[in-house]
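Inside the fold
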Amino acid sequence: MTVADLTHPEKVALVVLMKALVLADAQLSRDEGIHLSALASRVGPEVFKAADQVKLQGEAGVASFLTTVARREAQQLIYDELRVAAGVDAVAPEEQRLLDLLVDGWDVVDRGERLDF
């Protein structure tokens, strides 16, 4: 499965969670910005506009939002995309917390190195 195979709502979820991830530590690194721009090219501007309408309110908001993606293969792909983005520079504790919420909420497989803070 690739990003192109995601449904529109799943692509929106990917963008919402990617934005939350790269902004989790209140800093957007150059590499994270490049990754986000590449994602914008892959999903298109209409997906980014739809994602701008979604506001996550804390961990409870993230947990609730995770229920919008039901397909297991979509959950895993989204998680993998976020894990790659988090790894473009050092994974901040705030970024790891979001990744942990996805692992717990979706029961996805973390194929990368887990960081404990």
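Residues numbered from 1 in each chain as written. Predicted model: local features only at pLDDT ≥ 70, side-chain atom pairs only at ≥ 80, totals over all residues. Heavy atoms only, no water.

Things to note about the packing of helix H1 (residues 8-22) against helix H5 (residues 72-86)
Two quantities define a packed helix pair, namely the angle between the axes and the distance from one axis to the other. Heads up, the rule is: Each axis is a line fitted through C-alpha atoms, and for a helix only the stretch in contact is used; angles between axes span 0 to 180 degrees, taken between their N-to-C directions. Helix and strand definitions follow DSSP, with helices as H or I runs of at least four residues and strands as E runs of at least two, each counted in order from the N terminus. The labels follow the angle: roughly parallel below 35 degrees, roughly antiparallel above 145, roughly perpendicular from 65 to 115, and oblique for the rest. Handedness of a crossing follows from how the near helix is turned relative to the far one, being left-handed for an anticlockwise turn of less than a right angle and right-handed for a clockwise one. Only heavy atoms matter for contacts: two residues are in contact if any of them lie within 4.5 Å across the pair. By the convention adopted, Pro, Cys, Tyr, Trp, Phe, Met, Ile, Leu, Val and Ala count as nonpolar, Lys, Arg, Asp and Glu as charged, and the other residues, Gly among them, as polar.
Direction vectors running N to C along H1 and H5 enclose 30°, while the axes themselves pass 10 Å from each other. When the axis of H1 is compared with that of H5, the two are roughly parallel. Here the hand of the crossing between H1 and H5 comes out right-handed. Along its contact with H1, which presents Glu-10, Ala-13, Leu-14, Leu-17, Met-18 and Leu-21, the element H5 presents Ala-74, Ile-78, Glu-81, Leu-82, Ala-85 and Ala-86. Of the residues belonging to the contact of H1 with H5, the class tally is 10 nonpolar, no polar and 2 charged.

Overview of the confidence of the model for the protein chain
Note that predicted coordinates carrying low pLDDT should not be read in detail. Counted only if it meets this: Per residue, pLDDT captures the predictor's confidence, and it can take any value from 0 to 100.
The predicted model of the protein chain has a mean per-residue pLDDT of 89, with 95% of residues at 70 or higher. Under a pLDDT of 50 for its full length, residues 113-117 has, in the predicted model, 11 contacts with residues more than four places off or in other chains.

Some points on unusual backbone geometry
Residues other than glycine seldom take positive phi values, yet Ala-26 does so here, at roughly 65°. Secondary-structure assignment places Ala-26 in the loop between H1 and helix H2 (30-43). If you check the backbone angles, Asp-107 has positive phi at about 55° while not being a glycine. Residue placement: Asp-107 occurs in the segment after helix H6 (93-106).

Overview of the nonpolar core
A general trend in soluble globular proteins is that nonpolar side chains are found buried together. Defined as follows: Throughout, nonpolar core names a set of buried Ala, Val, Leu, Ile, Met, Phe, Trp, Tyr and Cys residues whose side chains join them through atoms within 4.5 Å. Partly exposed describes any residue whose relative accessible area lies between the buried limit of under 20% and the exposed limit of over 50%, with all areas from a 1.4 Å probe on protein chains only and scaled to the type maximum.
Within the largest apolar cluster, 36 residues are counted, with the highest numbers of intra-cluster contacts made by Leu-14, Leu-17, Met-18, Leu-21, Ile-78, Leu-82 and Trp-106. Taken together, the elements giving at least two residues each to this core come down to H1, H2, helix H3 (45-52), helix H4 (58-66), H5 and H6. In contact with Trp-106, other than residues within four places in its own chain, are Leu-17, Leu-66, Val-69, Arg-72, Gln-75, Ile-78 and Tyr-79.

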